[in-house]
Amino acid sequence: MCDAGDHEPSSAAASRDGLSRRALLIGTGIVIGATAIGWDLFSPDLSATAAGTYLRPCGVVPISSSWQGHRNRNPPSGEPGTDYAVVVGTPIRAATDGVIVDRKDSTTTATGRYLALRASDGNYIRYLHLQSSSVPLGARVTRGQIIAYSGASGFGSEAGYGAHVHVSLWIGGTPLQLGFTNSVDFENYVEGGPIQPPSEDPVPIHQSSSYQWNSVVPRGVWTRIPVASDLYWLAHSSATVKETGDVSIYLTAAKVTKGFQLRIVAETLNASGVVVASSPQPALEIPATAAEAPNSLTFGQYTLPYSLSGPIRLFAEIRSLNTGLRVEQVTVKKNYWLS
Ligand SMILES: [Zn+2]
């Protein structure tokens, strides 16, 4: 209903919340810790409730898919909204005063967990793909109040989507009254006006590829994962071209008796193209799938929102926790902008 096609459903993917919530955004030439993102970027002004004064859910953060981008998809999103790229566990603040009039606590369907806010001005706002919320149905909330924590939930899994919060807005009615596709661009109603898209094209470029690696990886050693024959880069920027987006890597592995770990590494290059720094992002551990059949496969997924500026490139690594593990297929999906 909401944004099928936004990100890869991962019913088959395994992930652990405690680790994935520490995944980091990579910022302008440096690695920014999660604590620097989205926390307390504004102090609530409790007097303002009219349209044009809404607060973004997590402050000023990269937009991984705009409202127009949702509408331009093929097929178009069933619930166009703004995707704010934030790591799992980022506090979400109420856009304005209102009442929580709907909430869903399961990860089922495309929306995953959500909260709906009936604003005091009569408008209706939904926050999708949440990790958690302790605000009960019927609660009155005030502008700027933390009402939930962001996640990647959807399609029956905690990681059905890449980590982000999706915000949809309807003017003067509920989505059932007005139609789910008749939302408006939330960014046009926020305090200070919309963030300019990172490029002139508001529609992110979608890239998808699969590669049959069919390689046994050694136990206990971080091993670089190819995404095509002799190609390792998930994303890269240069001194003149920035790249912003989110990338997911999906692995299918055989002979997984214990498990494996995944991580993405950012390499910074100097003007001569020599690697001068390497910044591994936190590892995500994928346990072995319960071995009901002797040849069962284990699936792993790692998703990272990123913003690269300067000569930086990203690649992924795997570390097996048992001997004999063989990675069969590597799939990479990206939504990104160049600017
Ligand atoms: Zn979305």
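Treat the numbers as computed from the prediction; the structure is a model and nothing was measured.

Peer 1: Sorry, what's going on with the confidence of the model for the protein chain here?
Peer 2: When pLDDT is averaged across the protein chain, the result is 80; 81% of the residues are at 70 or more. Overall, residues 1-51 carries pLDDT values under 50, and its contacts beyond four positions in sequence, including any with other chains, amount to 144 contacts.

Peer 1: What exactly am I supposed to notice about the pattern of salt bridges here?
Peer 2: If charged atoms from side chains of opposite charge come close, those side chains can pair. Tallying each qualifying case throughout the model produces 11 salt bridges. Linking Glu 79 and Arg 126 is a salt bridge whose minimum nitrogen-to-oxygen distance equals 2.6 Å. A residue pair is termed long-range when its members are at least 10 positions apart, and Glu 79 in the loop between helix H2 (67-71) and strand E4 (82-84) and Arg 126 in strand E8 (residues 124-132) qualify at 47 residues. We note that Glu 79, like Arg 126, is buried. Where Asp 105 meets Arg 103, a salt bridge forms, and the shortest distance between an N and an O atom there is 2.6 Å. A relative accessible area of 22% places Arg 103 in the partly exposed class.

Peer 1: Where do I start with the side chain of Arg 73 in this structure?
Peer 2: In this fold, Arg 73 is placed in the loop between H2 and E4. The class of Arg 73 is buried, set by a relative accessible area of 18%. Here the side chain of Arg 73 touches Ser 65 through a polar contact of 2.6 Å, side chain to side chain.

Peer 1: Would you mind showing me how to read the environment of His 236 here?
Peer 2: Within the secondary structure, His 236 sits in strand E14 (residues 235-237). Taking the C-alpha atoms as reference points, His 236 and Ile 312, 76 residues apart in sequence, are found 5.6 Å from one another.

Peer 1: Which parts of the structure should I look at to understand the packing of aromatic side chains?
Peer 2: Each pair of aromatic rings is reported with the distance of its centres and the angle of its planes. Applying the stated criterion to the full structure yields five aromatic pairs. Judged by centre distance (6.0 Å) and plane angle (85°), the rings of Trp 170 and Phe 180 are edge-to-face. With a gap of 10 residues between them, Trp 170 in strand E11 (residues 165-170) and Phe 180 in the loop between helix H3 (175-178) and strand E12 (205-216) connect regions that are remote in the sequence. Taken together, the ring pairs connect Tyr 124, Trp 170 and Phe 180 into an aromatic cluster. Sitting above the plane of the Trp 222 ring, Arg 263 keeps its charged end 4.0 Å from the centroid.

Peer 1: Which parts of the structure should I look at to understand the sheet that holds E12?
Peer 2: Adjacent strands of a sheet pair through backbone hydrogen bonds, lying either parallel or antiparallel. The strand order E12-E21-E15-E19 describes an open sheet built from four strands, whose pairing is antiparallel. Looking at the sheet topology across the chains shown, the edges are occupied by E12 and strand E19 (298-308). Direction aside, the axes of adjacent strands within the sheet are offset by 15° on average. Examined bridge by bridge, strand E15 (residues 243-254) and E19 share 11 bridges and lie antiparallel to one another. Residue pairing for E19: Thr 244 is matched across the bridge by Ser 307.

Peer 1: Help me out: how do you make sense of empty space enclosed by the protein in this one?
Peer 2: To find leftover empty space, one rolls a probe the size of a water molecule over the atoms. All told, the structure shown has two cavities of 30 Å³ or more when counted by the stated rule. Taken as a whole, the second largest cavity encloses approximately 40 Å³ of empty space. Contributing to the lining of the second largest cavity are Arg 103, Lys 104, Asp 105, Arg 113, Tyr 114, Leu 115, Leu 130, Ser 132 and Ser 133. Here the residues of the lining of the second largest cavity sort into three nonpolar, two polar and four charged.

Thresholds, definitions, all that
- Residues numbered from 1 in each chain as written.
- Predicted model: local features only at pLDDT ≥ 70, side-chain atom pairs only at ≥ 80, totals over all residues.
- Heavy atoms only, no water.
- pLDDT = per-residue confidence, 0-100.
- Contact = heavy atoms within 4.5 Å.
- Salt bridge = Lys/Arg side-chain N within 4 Å of Asp/Glu carboxyl O.
- Helix = DSSP H or I, 4+ residues; strand = E, 2+ residues; numbered from the N terminus.
- Buried < 20%, exposed > 50% of the residue type's maximum accessible area, 1.4 Å probe, protein only.
- Polar contact = N/O pair within 3.5 Å; in protein donor to acceptor, adjacent residues only side chain to side chain.
- Phe/Tyr/Trp six-rings, centres within 6.5 Å; stacked < 30°, edge-to-face > 60°.
- Lys NZ or Arg CZ within 6 Å of the ring centre and 35° of its normal.
- Pairing = 2+ DSSP bridges.
- Axes fitted to C-alpha atoms, helices over the stretch in contact; angles between N-to-C directions.
- 1 Å grid on protein atoms, 1.4 Å probe; cavity = no way out; pocket = protein on both sides within 12 Å on 5 of 7 lines; lining within 4 Å.
- Points joined across faces, edges and corners; volume = space filled by probe spheres on them.
- Nonpolar A, V, L, I, M, F, W, Y, C, P; charged D, E, K, R; others polar.

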